[in-house]
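Chains, contacts and geometry: an overview
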Amino acid sequence: VALSAAAAHRGGAFTGTAASFLLMHAPVFLAIGLIGANRCLRIASLILLVGLLLFAGDLLARDFLGSRLFPMSAPTGGTLLIAGWLGVAISALLRPRS
């Protein structure tokens, strides 16, 4: 929420995008934490978290530091986000062990 306010008042295009991604994914982490998920879902959520940190971190570094985190950090983060969401979908198809 603070990043959304910063983007609105400061005018950072990258900051607004990073804030949107962080806000979109927050309910997912809350839900996964409340579910007490299976191993596949926990791994998928970790992949999502790393991807989100890389993607949003790179965008924020561009606005606040004037440079990237490291080369290919945003594309790597985006790829991990896609992989994490695929992992979440796969975990929904797996049957719990009884």
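Up top is the structure.
Keep in mind that what you see is a predicted model, and the values were worked out from it rather than measured.

Turning next to the packing of helix α2 (residues 13-35) against helix α3 (residues 39-64). At a closest axis distance of 9 Å, the pairing of α2 and α3 adopts a crossing angle of 165°. Our classification of the angle between α2 and α3 gives roughly antiparallel. Note that α2 runs across α3; the crossing there is left-handed. Residue-level inspection shows A13, F14, T15, T17, A18, F21, L22, H25, V28, F29 and I32 of α2 in contact with α3, the latter providing L41, S45, L48, L49, L52, F55, A56, L59, L60, R62, D63 and F64. Partitioning the contact of α2 with α3 into residue classes produces 17 nonpolar, four polar and two charged.

What counts, and where the lines are drawn
Residues numbered from 1 in each chain as written. Predicted model: local features only at pLDDT ≥ 70, side-chain atom pairs only at ≥ 80, totals over all residues. Heavy atoms only, no water. Axes fitted to C-alpha atoms, helices over the stretch in contact; angles between N-to-C directions. Helix = DSSP H or I, 4+ residues; strand = E, 2+ residues; numbered from the N terminus. Parallel < 35°, antiparallel > 145°, perpendicular 65-115°, else oblique. Left-handed = near helix turned anticlockwise from the far one by under 90°. Contact = heavy atoms within 4.5 Å. Nonpolar A, V, L, I, M, F, W, Y, C, P; charged D, E, K, R; others polar.

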